[in-house]
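So the chains spell out like this:
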Amino acid sequence: MTTYDETHDPRKNKELLAEITGKRLDMKQVLQETEQLFEQCRKNLSSSITVKGHPLSFSEKIHEGLFRLSAKRSGILEPTRIFMDVEGNVIPDWKDKLDREYDRLRGNITKEVNVADFGAVGDGKTDSTAAFKKAIGRGRIKVIVPPGVFIVKGIRLPSCTWLVGAGKGVTTIRLHDQAVKGTRLITNSNHWRGNHHLVVQGMTLDWNVERLGNVAKTSTWGNHSSCLTYANVTYGWVKDVEAMNPGLHCFDISSTLYNYAGDGYRARGGSKYVWLDNLTGYGFGDDGITTHHSDYIFISRCHMCDTSGRAHRKGFSNSNGFEIDDGSRNVLLVYNSSARCFGGVEIKAHQNSSAASNIAIVGHISVNDNRSYNFRHIGHHKSTDAESKSAFNISAVNLAAIAPIFSDLYKDSPPRGMVVSAYKNVVINHFTLIGDSDYDYKGNPVIAVQYRARNVVLNHISFNNFIKAGAAIKVYGGNNRADSIKIQNCSSEKIEVGSGIKDISIDTKE
């Protein structure tokens with residue numbers, strides 16, 4: 001039986017999805033169908049009432065004004081197109097560009113060294129920080145890290161650096177017991193000017209949270225306290241890496257600083273063209289993989305599970321396996337999995353930041369997450385809130401939600417297979433939801449479309465074993481109603497539609 005714990009091999013997710021769903025989809029055809037549905041969505045965007053929302057307080061205006069000093073106006077990019085290569089892999093239309101830059105990196109590497117030759121000792125005791133620094137130098141180098149446990153106080157990578165170990169669980173880089181709470185285990189050397197062409201590959205990253213003892217919160221601020229942070233990195237790769245017990249995130253693809261200048265603004269210094277592949281993470285204080293204010297990010301065959309939630313106040317832990325957050329654009333997730341997190345995949349933004357946009361998911365397995373898939377722009381949900389300027393364009397294909405549950409991570413949060421709030425232009429095509437027939441879902445709906453969501457298409461949706469749940473799909477009405485909803489090829493007739501919804505079509509024939 002697959003437990004989806006830290007030993008799970010995410011490279012098996014594609015085949016596991018076929019077993020779970022009972023479908024061997026013609027992905028080329030399904031991707032084309034999804035693209036057609038999405039284009040119809042974009043053309044048929046319904047009108048909605050624009051509300052200014054509550055005026056900001058003086059302190060809120062000052063707060064946003066300060067962040068605007070390091071912000072820029074946001075915009076909606078043309079969405080990434082998704083293809084299948086000759087080997088049947090799902091790829092973004094910009095992968096050729098990334099591959100060319102990978103070849104360019106290899107050509108720019110002038111030397112290959114072994115960190116042991118500079119004094120690093122993999123005995124789990126010796127401080128090897130200085131040895132790594134000497135081996136890496138000014139970059140243009142491939143640094144081999146042999147088997148063993150290497151203790152460091154942090155590693156910083158200049159441009160054109162390739163750091164490669166002997167494999168997950170074979171080579172381990174572990175934070176020193178005296179490292180301060182805000183330490184990033186591995187990051188790029190210059191967050192302000194930026195770095196380019198970085199590879200981290202074949203190792204385990206241990207943030208050593210045990211060194212902090214029983215602290216109330218395991219992280220400091222911003223993009224600190226993580227196993228790996230790429231901030232203001234152009235052309236980056238992270239492959240075959242395990243991250244364990246970070247105070248904040250396992251992997252953070254980010255801007256120089258997080259930015260809260262308000263909806264319609266994004267941070268300067270975002271990362272772009274980064275590929276994360278075959279990553280495993282667990283015990284994270286906040287999110288497993290997260291992106292902020294960064295563009296053209298490819299996340300494939302990764303597994304994030306069993307968050308600690310310790311970056312948050314107990315009982316209010318918004319800790320997700322995969323979080324595509326503030327200002328992120330053109331992010332593609334392919335054949336990933338999550339287990340026992342608050343959210344399996346959360347696409348979102350805070351109230352005072354631009355939402356993630358142009359996000360595509362192809363194949364995901366969510367197991368025992370409280371909210372398997374959660375799409376929202378916080379603070380732009382209610383009829384009294386300002387309408388989101390940026391929450392647009394999500395497509396998802398071949399999803400599975402297995403037994404979402406109540407969780408101590410976030411008290412009183414009812415389990416959901418999916419929640420869509422505030423976003424416009426959302427297409428979900430082929431979604432399999434499997435509940436536990438003995439589990440008490442307390443009459444809650446399995447899928448909720450709510451809080452001013454617009455232009456949402458749910459196609460080929462199947463439900464099994466949600467005996468003690470409420471509606472299979474609930475479209476919320478009232479002042480905060482969703483609208484322009486199309487539900488088709490659905491296996492359940494338990495669909496509840498709230499009051500005041502003007503544009504909805506339902507076809508339950510599967």
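Along each chain, the written sequence defines residue order, and numbers are assigned to residues from 1. Whole-chain, interface and lining totals are the exception, using all residues; otherwise, since this is a predicted model, local features are given only for residues with pLDDT of at least 70 and side-chain atom pairs are given and counted only at 80 or more. Excluding hydrogens and water, the side-chain figures rest on all heavy atoms present in the structure.

**Describing the overall build of the chain**
Step number 1: Under the DSSP-based scheme used, a helix requires at least four consecutive residues in state H or I and a strand at least two consecutive residues in state E, with every element numbered from the N terminus. Scanning the chain from terminus to terminus reveals five helices and 35 strands.
Step number 2: Along the first, second and third principal axes, the C-alpha set of the chain runs to 70 × 55 × 45 Å.
Step number 3: With 510 residues in all, the chain has 62% of them scored as buried.
Step number 4: Any pair of residues with heavy atoms lying within 4.5 Å of one another is described as a contacting pair. Taking all contacts inside the chain whose residues are at least 6 apart in sequence as the whole, residues at least 24 apart take part in 76%. Any residue under 20% of the maximum accessible area for its type is buried, any over 50% is exposed, and the rest in between are partly exposed; the area is computed with a 1.4 Å probe on protein chains only.

**Examining the pattern of salt bridges**
Step number 1: Think of a salt bridge as a Lys or Arg side-chain nitrogen and an Asp or Glu carboxyl oxygen that are within 4 Å of each other. Scanning all chains against the criterion turns up 23 salt bridges.
Step number 2: Here Arg-266 ties to Asp-295 by a salt bridge, and the two come within 2.8 Å at their closest N and O atoms. Within this pair, whereas Arg-266 is found in strand 16 (residues 265-267), its partner Asp-295 is found in strand 20 (residues 295-300), the two being separated by 29 residues in sequence. The exposure classification of Arg-266 matches that of Asp-295, with both residues buried.
Step number 3: In this structure, the salt-bridge partner of Asp-277 is Arg-301, at a minimum N-O distance of 2.7 Å. With Asp-277 in strand 17 (residues 272-277) and Arg-301 in the loop between strand 20 and strand 21 (303-305), this residue pair connects regions lying 24 residues apart in the sequence.
Step number 4: Judged by relative accessible area, which is 6%, Asp-277 ranks as buried.
Step number 5: In this structure Arg-301 comes out as partly exposed when scored by relative accessible area, which is 31%.
Step number 6: Members of the salt-bridge network, linked through shared partners, are Glu-39, Arg-42 and Glu-78.

**What about the sheet that holds strand 26 (residues 371-377)?**
Step number 1: By definition, two strands form a pair when at least two bridges between them are found by DSSP. The 12 strands lie next to each other as 8-11-13-15-19-22-24-26-28-30-32-34, forming an open sheet whose pairing is parallel. Strand pairing shows two members of the sheet lacking a second neighbour, strand 8 (155-157) and strand 34 (495-497), which therefore form its edges. Taken over all neighbouring pairs, the strand axes of this sheet differ in orientation by 10° on average, direction set aside.
Step number 2: As judged from the two bridges shared by strand 11 (residues 186-188) and strand 13 (residues 228-231), these two strands associate in the parallel manner. Along strand 13, the bridge assignment pairs Ile-186 with Leu-228. To obtain an axis, a line is fitted to C-alpha atoms, over the contacting stretch when the element is a helix, and the angle between two such axes runs from 0 to 180 degrees between their N-to-C directions.

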